Amino acid sequence: MKKSNLMIVTLGRVDWNIWHPIIKVLKENKNLKLIVCAAGMHFEKSLGESFKEIKKDKIHIDHRISLDPLKKKGKEQLHISKQYSFYTQKFTEIFKKNNIDYLALVGDRFESLAAATASIPFRIPIFHFHGGEISFGSIDEINRHMITKASHIHFVSTERYGKRVNQLGEEKWRIKNIGAPSLNNIKFKKNFSKEKFFKKHNLNVQKKLFIVNFNSESLNYVFTKKQINIIFKSLDTFDVNILFTLTNHDYASSIINNQIKNYCKSRKNCKWTSFLGENYFNVLKISNLMIGNSSSGILEASHIKLPVINIGDRQKGRIKDQNVINVNYDINEIRKKIIFSQKKNFLSKIQNLKSSYFNKNFKNLNKFFNEYLKKDKKYLLNKIFYDL
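The structure displayed is predicted, hence computed values, not measured ones.

This part is about the layout of surface pockets. Counted as a void, the second largest pocket has a volume near 280 Å³. Along the walls of the second largest pocket sit 16 residues, with K189, F192, F197, K200 and N279 positioned nearest its centre. Counting residues per element, the ones that place at least two in the lining of the second largest pocket are α2 (51–56) and α7 (194–200). Per-element tally for the lining of the second largest pocket: the top contributor is α7, with three residues.

Quick look at the structure:
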C-alpha cells in the first residue's frame, strides 16, 4: 500500500497532550506519512510558546500558522471571527499547494473548524477525535458538532459519545471508541522535584497546593468578570498555595488573564503560570485540588485521583467521575465544596476510581486507521445520513 499523507492540526497547549500519544502511535504506521501543522497558540509567548514541546518531542513541524496580530484587535468575539476567516484562508493555501490525502483534527476549537471547512472542496477525508461530547456552557460545542458533520471517521472517548455521533446521522462503521488519548500520555517525570517546583514558583512547601484552571463560559461571556471574582472571594479564606493557569484565546480570555495577574499581585500565596508543559501531570499529582471549569478536570484528573471542584455550566453535559464535585457560582457553596473535597472520607472514596475515559482500544489505533485506509476514498467521502 502506498503511503498516505495525513495532516495533523495542533493548536497549542490546549491539545498537545492529546496529540502526543496519537502521533507516537501513528508514527509506527508504515502506511502513513505524518504532516504536522502547528497553528496559533503554539507560537504565542504569553501562552508559553508550546511549539517548543513539539520540538522537544523530536517531531518535525511541516506547516506553521501564527496568529495574525492585526486580527487580534477589538472585542474578542470580533477578532475570533476574523481569526476564523484568517485560518480558513491559510488552510486553503496549504491544501492547494500540498498533496494532503487525509486530515486529522481534535475536539472543538474554531481553528479546527476552519481546517475542516477549508478541506471540504478539496475532498479530503477527515479523522476526528473527541466528537459527540457535550459542553452546554461553551460555544465550542457548536464547533464540535459542525466538525463531526464535516468528518468521515470518528474516534470517540466513550460509548455514550459514540451513540451521540450516530445520533447526528453518522454511520456506525465510521465510529470507534478508543477512550481519551491523553490518558495514554500521563507519564510522571522521575526527575521532577516538588521542592524545586515550589521554590521556582515561590510557593510554601509546607502548605497544600490548589491549581485553578478557569475558562470563560463563552455562551455567557458577559458574566466572566463577575464569575472570576466569585472564585477569588471563595479562595480568600484558605491558607494554601494557589496556582492559576492562564486561559487560552477565547471569549473574554483577556479579562480572565488580567484579573488573575492583578489578584496574584497582592497575595503571597497566589501565583500564575502561562504554561506548565511536560510538568503538567507532575503538578496535578502533587496538587491537592483542582478548581475551575477545565476539561482537564473531567478527563485527566480522574485518572490521577485528583479532587475537582467544577464550577458553572462550561462542562455541563460531559460524563463526570466521582472525583468531580459540581457547584454553581456561589461563594459559600464553593467554600463548602472545597472543604468537603479535602475530607478523608471523600479522598479515600476516589482512590479506587476507574476513569470513564480510559479504553484499552487505544492500542488498536493503527489497526483501525489501516482498516479505513484500505477503503476507497470515494467510499469514505460519500456519506449518507444514518436515520435512527
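After presenting the structure, the write-up continues.
Within strand β8 (residues 209–213), five of the five residues are buried, which leaves it mostly tucked inside the rest of the structure. The two faces of β8 match: L209, I211 and N213 on one face and F210 and V212 on the other face are all buried. Bridge analysis of β8 against strand β9 (residues 241–245) gives five bridges, and the strand direction is parallel. Across the sheet, the residue bridging to L209 is N241, located in β9.

Across the sheet, which stays open at both edges, the six strands sit in the order β10-β9-β8-β11-β12-β13 with parallel pairing between neighbours. Two strands lie at the open edges of the sheet, namely β10 (270–273) and β13 (324–327), each paired on one side alone. Each adjacent strand pair in this sheet contributes to an overall mean axis angle of 20°, direction not counted. Pairing between strand β12 (residues 308–311) and β13: four bridges, direction parallel. By the bridge assignment, I311 is partnered in β13 with V327. Those strands touched by helix α11 (residues 295–304) are β11 (289–292), β12 and β13, and its axis lies near 160° from that of β12. Most of the contacts of helix α12 (residues 331–341) go to β13, to which it runs at about 165°, and overall it touches β8, β11, β12 and β13.

Attention now goes to the nonpolar core. Where a protein is soluble and globular, its nonpolar side chains tend to be buried together. Judged by nonpolar contacts, the single largest core of 33 residues is most densely connected at L6, F155 and L365. Among the elements that line this core, the one with the most residues is helix α1 (residues 13–26), at seven residues. Filtering out sequence-adjacent residues up to four positions away, L6 remains in contact with L26, L32, K33, L34, I35, Y102, L103, A104, F127 and F369.

The subject of this paragraph is the pattern of salt bridges. Inspection of the entire model under this criterion finds 13 salt bridges. A salt bridge links R318 to E133, with the shortest nitrogen-to-oxygen separation between them at 3.0 Å. Here E133 lies in the loop between β5 (126–129) and α5 (140–150) and R318 lies in the loop between β12 and β13, a separation of 185 residues in the sequence. With respect to class, R318 is no different from E133; both count as buried. For the salt bridge of R174 with E171, the shortest nitrogen-to-oxygen distance reads 2.8 Å. With respect to burial, R174 and E171 carry one shared label: buried. Connected through salt bridges with shared partners, the residues E53, K56 and E278 form a single ionic network.

Taken N-terminus to C-terminus, the directions of α1 and helix α14 (residues 365–373) make an angle of 65°; their axes are 9 Å apart at the nearest point. When the axis of α1 is compared with that of α14, the two are roughly perpendicular. The handedness of the crossing between α1 and α14 is right-handed. On α14, the residues that touch I22, V25 and L26 of α1 are L365, N366 and F369. By residue class, the composition of the contact of α1 with α14 is five nonpolar, one polar and no charged.

Looking now at helix α6 (residues 159–167). Two residues of an α-helix separated by three or four positions point the same way, owing to the 3.6 residues in each turn. For α6, the complete set of buried residues consists of Y161, G162, R164, V165 and N166. For α6, the secondary structure elements touched by its buried residues are α5, β6 (153–156) and β7 (175–177). Remark: G169 follows α6 within two positions and exhibits a positive phi of approximately 100°.

Calculation notes
Residues numbered from 1 in each chain as written. Predicted model: local features only at pLDDT ≥ 70, side-chain atom pairs only at ≥ 80, totals over all residues. Heavy atoms only, no water. 1 Å grid on protein atoms, 1.4 Å probe; cavity = no way out; pocket = protein on both sides within 12 Å on 5 of 7 lines; lining within 4 Å. Points joined across faces, edges and corners; volume = space filled by probe spheres on them. Helix = DSSP H or I, 4+ residues; strand = E, 2+ residues; numbered from the N terminus. Buried < 20%, exposed > 50% of the residue type's maximum accessible area, 1.4 Å probe, protein only. Pairing = 2+ DSSP bridges. Axes fitted to C-alpha atoms, helices over the stretch in contact; angles between N-to-C directions. Contact = heavy atoms within 4.5 Å. Core = buried A, V, L, I, M, F, W, Y, C linked by side-chain atoms within 4.5 Å. Salt bridge = Lys/Arg side-chain N within 4 Å of Asp/Glu carboxyl O. Parallel < 35°, antiparallel > 145°, perpendicular 65-115°, else oblique. Left-handed = near helix turned anticlockwise from the far one by under 90°. Nonpolar A, V, L, I, M, F, W, Y, C, P; charged D, E, K, R; others polar.

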